[in-house]
Amino acid sequence: MQMAKTPTHDGIKTSVELTHPERVYWPDDEITKQDLLEYYALAWERMSPFVINRPLALLRCPDGIDGPRFFQKHAWKGINHNITEIADPEDKDAAKLLKIESFDGLAALVQSAALEIHPWGTAIEHWEKPDMIIMDLDPGEDIAWRKVVTAAKEIRERFAAQGLTSFVKTSGGKGLHVVASVKPQATWPDIKDAAEAIAHAMSADSPQTYLSVASKAKRAGHIFIDYLRNGRGNTAVAPYSTRARKGTAVSMPVNWEELDGTIGPASFTVKNAASRLGQSSTDPWADFFKTAAPLKV
């Protein structure tokens, strides 16, 4: 049995030992379990506020992206002790959910082949009061990237009208996520209602471009504005999380100005992230939680 070397970045270390660190998770790109751990060591300082002490749903691919895959929200036999369980305060008799508290927890997710990490939009300290509102732009196959960028900017304007500051990231798929930090005061229904209102308003104003209902039959030629990520128990892929897709794309926070440049939906990958996450680079989401404003309800 092979064990991993301990990754270090800005003093980050882990006590978690990887079994078979050479196991390939992304065959076409030859990205191994060890490579994934070292990527997360680079991303951890920026990523940690969005995954620590939040209920998590995980997409696990034990044999890599070409093998079987399954979403996991509850513990499994042999789960690493750095992935901890927590009871849902609304249903303490249900199976416990999962959270991590440190980089060791993230390393344990890597060891467990969790290739996508999907947190709730809240932290456990204020479980029933979300601290963000998420709009997921999911374009049909025939939609140009520029139209997705235009949609993201329109959401930014609509958030601004409510006193909210918007941040944007690639989804790691075809679209963008526009996310605003909110003070943990409003309830889940309040957050979902606010997101739904924006989605329906955009669809009503531009029905030829936007869709606010999850209808695959109508998706062609439209951008689906997915507000359902804001319901209690629903999730969205975490900033900096990898995606279990060919190409090793990650969900990368970006500056709004970058959207006017040459980046596309899959511009950022495990392979090319090092320069972006280096010490001399700036974090476009550094002020995310500092900008938190109350949701107008």
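No experiment lies behind these values; they were computed from the predicted model shown. (Residues numbered from 1 in each chain as written. Predicted model: local features only at pLDDT ≥ 70, side-chain atom pairs only at ≥ 80, totals over all residues. Heavy atoms only, no water.)

Asker: So what exactly am I meant to see when it comes to the side chain of R243 here?
Answerer: Secondary-structure assignment places R243 in the loop between β12 (223-226) and β13 (253-254). A polar atom in the side chain of R243 sits 2.5 Å from the backbone oxygen of S171. Once residues within four sequence positions are removed from consideration, R243 is found in contact with W26, L115, E116, H118, S171, G172, G173, V237 and A249. (Helix = DSSP H or I, 4+ residues; strand = E, 2+ residues; numbered from the N terminus. Polar contact = N/O pair within 3.5 Å; in protein donor to acceptor, adjacent residues only side chain to side chain. Contact = heavy atoms within 4.5 Å.)

Asker: It is not clear to me how unusual backbone geometry should be interpreted in this structure. Could you clarify?
Answerer: Only a minority of non-glycine residues have a phi that is not negative, and only a minority of peptide bonds are not trans. The backbone of A113 shows a phi angle near 60°, a positive value even though the residue is not glycine. Along the chain, A113 falls in the loop between α2 (103-111) and β7 (114-119). Taking relative accessible area as the criterion, A113 reaches 3% and is therefore assigned buried. A positive phi angle, near 60°, is found at T248, a position not held by glycine. The topology assignment puts T248 in the loop between β12 and β13. Accessibility expressed as a relative area gives 1% for T248, which makes it buried. (Buried < 20%, exposed > 50% of the residue type's maximum accessible area, 1.4 Å probe, protein only.)

Such coordinate-based values are descriptive only and should not be taken to indicate function.
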